[in-house]
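Understanding the architecture of this molecule
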Amino acid sequence: MKKRIRELIKDKPVDKTVSIAGWIRTRRDTGEFSFLEVNDGSCLANMQIIANEDLENYSREIKQLTTGCSVIIRGQLKESPAKGQEVEIHADEVIVVGLADPKTYPLQKKRHSFEFLRDLSHLRPRTNALGAVSRVRSRLSYGVHQFFQEKGFFQVHTPIITTSDCEGAGEMFQVTTPDQKGKGQHFFGQSAGLTVSGQLQAEVYALSLGDVYTFGPTFRAENSNTSRHLAEFWMIEPEMPFCDLRGNMQIAEDLLKYVLEDVVGNCIEDLNLFDKFIEKGLLSKLHGIVDKKFGHTTYTEAVEILLKAGKKFEFPVEWGTDLQSEHERYLTEVVFKCPLIVTDYPAAIKPFYMRMNDDGKTVAAMDILVPGIGEIVGGSQREERFDVLKSRMLEAQIDINEYDWYLDLRRYGTVPHSGFGLGFERLVQFVTGMKNIREVIPFPRTPGSAPC
Ligand code: 4AD
Ligand code: MG
């Protein structure tokens, strides 16, 4: 039976017949045999294969193997006398499954730039760095589900096609059929778009089931070509009834610490690669976060800190305007030097659903900022008071007839409730140290680009 290289390296069942399948990274010939480095994607490490010239297809096939060819190997797993690996396979059989013409195969042994690899989203997961990102991403996703399931949250599958624009920022992709182009929209009887957030629908379920979360793709038609924005990204959105902003902040901090600890415990080999080649000190950064309480400041205090900083920012700081990424990063990297929760933003720069504070000027919002990224979480306590919510919606010029169902949640058995959205790609960026968000999602969608 075929085994994954990861298992063989871990269990080391030496002097046993084993079988693996994967892709050739390199081939090196000596007088009587060849060394093949095979990777099967299960881990960063390759398996070294010793293919002796006695093998029936040695000169006909094995000596033709090049980077990218696919093979199945059967042989004896042995302790390796050489440095660099603990075990190796002495091949009894090398089956060549698929060739990869070295004249055209784009991945060479040398390191390629991430920009170059972006044009090869169908082959880049075969590289060390992108393979490692993919495994870390998978583990983080598992950690998120594990965290919520252990705490008794139910997962809700909120719709991808929706008729409500949660963030109200007009950044929705429209969903229509080709014959309706121009005329627009009415496949669903009304204008519909791709969701920007599952929050409003998560609120529905939170007010029936208790604690819930969604984890799905979301879409934003914003024309931001930055290293932290995608037009399609994944978001984790818990929603908790009978929970105020403090409780919300605590769950967000616990979630981040839980998934960081889990990924460090389960992906150390991949994280070592990032620590060495992508962000020096990455592992001590991650350990430091798990061990320490997050910082906390209000928006108003944050503005004061920035005004007193004596630093020239590109965008001016003024109470009432949103914090720019340069401000966020200054606060978390220079002032607090740890993840920072900023609460109580001006109502005017936040969506209609956030709960109005007693000062009548700010809302019970919270963003979590982390070093190197800036905002990773955005959330709030929701406005549960019918009259306040309705007047906020009218002020925001929202058609309240379309959101009557949302108002019903306040008409019938309303409760204080809270939730947040954690940007999954920003989390993967934070954990891997990858500079550009396009490297942490398999098939990035950005303005002007949607490969595969
Ligand atoms: O702050 P945002 O817009 O919040 C919401 O959508 C709320 N409805 C969430 C909630 O309360 N349930 O987005 C949440 C997070 C951001 O903090 C950021 O990490 C990420 O989603 N995000 C993006 N990630 C990649 N590309 C983009 N264009 C993103 N926009 C937001
Ligand atoms: Mg936000």
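Relevant structure appears above.
A brief report on the enclosed structure follows. (Residues numbered from 1 in each chain as written. Chains lettered and ligands numbered in written order. Predicted model: local features only at pLDDT ≥ 70, side-chain atom pairs only at ≥ 80, totals over all residues. Heavy atoms only, no water.)

1. Description of empty space enclosed by the protein
A full pass over the atoms with the stated rule returns 1 cavity of 30 Å³ or more. Roughly 30 Å³ of internal volume is contained in the largest cavity. Forming the walls of the largest cavity are Leu256, Leu260, Ile289, Phe294, Pro339, Val370 and Phe430. Taken together, the residues of the lining of the largest cavity break down into 7 nonpolar, no polar and no charged. (1 Å grid on protein atoms, 1.4 Å probe; cavity = no way out; pocket = protein on both sides within 12 Å on 5 of 7 lines; lining within 4 Å. Points joined across faces, edges and corners; volume = space filled by probe spheres on them. Nonpolar A, V, L, I, M, F, W, Y, C, P; charged D, E, K, R; others polar.)

2. Focus on the packing of helix H8 (residues 299–308) against helix H9 (residues 325–335)
Between H8 and H9, the least distance of the axes is 11 Å, while the angle of their chain directions is 80°. Classified by the angle their axes make, H8 and H9 are roughly perpendicular. Between H8 and H9, the contacting residues are Ala302, Ile305 and Leu306 on the first element and His327, Tyr330, Leu331 and Val335 on the second. Split by residue class, the contact of H8 with H9 holds 6 nonpolar, 1 polar and no charged. (Axes fitted to C-alpha atoms, helices over the stretch in contact; angles between N-to-C directions. Helix = DSSP H or I, 4+ residues; strand = E, 2+ residues; numbered from the N terminus. Parallel < 35°, antiparallel > 145°, perpendicular 65-115°, else oblique. Contact = heavy atoms within 4.5 Å.)

3. Notes on the site of ligand 1
Surveying the vicinity of ligand 1 reveals 25 residues, the closest of which are Glu167, Gln199, Arg220, Glu237 and Glu375. At 2.8 Å from an oxygen atom of ligand 1 is found a side-chain nitrogen or oxygen belonging to Arg220. A distance of 2.9 Å separates an oxygen atom of ligand 1 from a polar atom in the side chain of Arg382. Isolated, ligand 1 exposes 630 Å² of accessible area, and the fraction of that covered by the protein chains is 93%. Contributions of two or more residues to the shell around ligand 1 are made by strand E11 (232–241), strand E15 (374–381) and strand E16 (417–423). When its residues are assigned to classes, the shell around ligand 1 shows 9 nonpolar, 8 polar and 8 charged. (Near = heavy atom within 4 Å. Polar contact = N/O pair within 3.5 Å; in protein donor to acceptor, adjacent residues only side chain to side chain. Areas by Shrake-Rupley, 256 points an atom, 1.4 Å probe, with all protein chains shown as cover.)

4. What about the pattern of salt bridges?
Applying the stated rule across the entire model yields 24 salt bridges. For the salt bridge of Glu439 with Arg118, the shortest nitrogen-to-oxygen distance reads 2.8 Å. Within this pair, whereas Glu439 is found in the segment after helix H12 (424–432), its partner Arg118 is found in helix H2 (residues 114–118), the two being separated by 321 residues in sequence. Here Glu439 and Arg118 have matching classes, each one buried. Asp270 is the salt-bridge partner of Arg135, the closest N and O atoms lying 3.0 Å from each other. Taken as a pair, Arg135 in helix H3 (residues 128–150) and Asp270 in helix H6 (residues 268–277) lie far apart in primary sequence, 135 residues in all. Both residues of the pair, Arg135 and Asp270, belong to the buried class. (Salt bridge = Lys/Arg side-chain N within 4 Å of Asp/Glu carboxyl O. Buried < 20%, exposed > 50% of the residue type's maximum accessible area, 1.4 Å probe, protein only.)

5. Quick notes on the nonpolar core
Of all hydrophobic cores here, the largest spans 55 residues; its most connected members are Leu271, Ile368 and Leu427. The leading source of residues in this core is helix H5 (residues 245–266), at 10 residues. The residues touching Ile368, leaving out its near neighbours within four places in the chain, are Ala252, Leu256, Phe294, Leu340, Ile341, Gly374, Glu375, Ile376 and Val377. (Core = buried A, V, L, I, M, F, W, Y, C linked by side-chain atoms within 4.5 Å.)

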